[in-house]
Amino acid sequence: MPSEGAYVVDVRTGTVGRYVGQAGQALRLRPVGGGREWVCTPEKVRPATAAERISAKTAYENARSRGEVP
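These numbers come from a predicted model, not from an experiment.

I keep staring at the sheet that holds strand β1 (residues 7-10) and nothing clicks. Help me out?
As a general point, the strands of a sheet are linked pairwise by backbone hydrogen bonds and lie either parallel or antiparallel. Spatial strand order, β4-β3-β2-β1-β5: five strands in an open sheet with antiparallel pairing. A single partner strand is all that each edge strand has here, and the edge strands are β4 (38-40) and β5 (45-47). Strand-to-strand twist in this sheet, taken as the mean axis angle between neighbours without regard to direction, amounts to 50°. Contacting β1, β2 (15-23) and β5, helix α1 (residues 50-65) crosses the sheet at an angle of about 85° to β1.

Is there a simple way to explain the nonpolar core in this structure?
It is characteristic of soluble globular proteins that their nonpolar side chains tend to be buried jointly. Core analysis: the biggest nonpolar cluster contains seven residues, these being V8, Y19, L27, L29, W38, C40 and V45. Mapped by element, the contributors of at least two residues to this core are β3 (26-31) and β4. With residues up to four places along the chain from it excluded, the contact list for W38 reads D10, R12, T15, V16, G17, L27, R28, L29, R30 and P31. Within the second largest apolar cluster, six residues are counted, among which are Y7, V9, V32 and A48.

I'm lost on α1 in this one. Help?
Residues spaced three or four apart along an α-helix point in a common direction, a consequence of the helix completing one turn every 3.6 residues. For α1, which comprises 16 residues, the first-to-last C-alpha distance of 23 Å matches the rise-based estimate of 22 Å (1.5 Å per residue) to within 8%. Just downstream of α1, G67 is the residue with a positive phi angle, here 80°.

Explain the pattern of salt bridges here, please?
Oppositely charged side chains can form a pair if their charged atoms are brought close together. Under the defined criterion, the tally for this structure stands at six salt bridges. For the salt bridge of E52 with R46, the shortest nitrogen-to-oxygen distance reads 2.6 Å. Residue E68 is joined to R66 by a salt bridge in which the shortest nitrogen-to-oxygen separation is 2.9 Å. On the basis of relative accessibility, which here comes to 52%, the residue E68 falls in the exposed class. Several salt bridges share partner residues, and in doing so they unite R28, R30 and E37 into one network.

Rules behind the numbers
- Residues numbered from 1 in each chain as written.
- Predicted model: local features only at pLDDT ≥ 70, side-chain atom pairs only at ≥ 80, totals over all residues.
- Heavy atoms only, no water.
- Pairing = 2+ DSSP bridges.
- Helix = DSSP H or I, 4+ residues; strand = E, 2+ residues; numbered from the N terminus.
- Axes fitted to C-alpha atoms, helices over the stretch in contact; angles between N-to-C directions.
- Contact = heavy atoms within 4.5 Å.
- Core = buried A, V, L, I, M, F, W, Y, C linked by side-chain atoms within 4.5 Å.
- Buried < 20%, exposed > 50% of the residue type's maximum accessible area, 1.4 Å probe, protein only.
- Expected span 1.5 Å × (residues − 1).
- Salt bridge = Lys/Arg side-chain N within 4 Å of Asp/Glu carboxyl O.

Any link to function would need more than the numbers given here.
Below, the structure written as structure tokens:
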């Protein structure tokens, strides 16, 4: 089980998110930069590498600079 706020990867989609809590047996994840949460089973999540965290943060900041996200 990741600690709250930890960056993880949903291995079903390759999406990096932050662990924000549980919903029953599932984990609640939130996209880097905020947004709508999604749920994932614990066996489909792994810790994000430093490179994956940096890449996700950079992608969000680039999208924000283009006005694609708030």
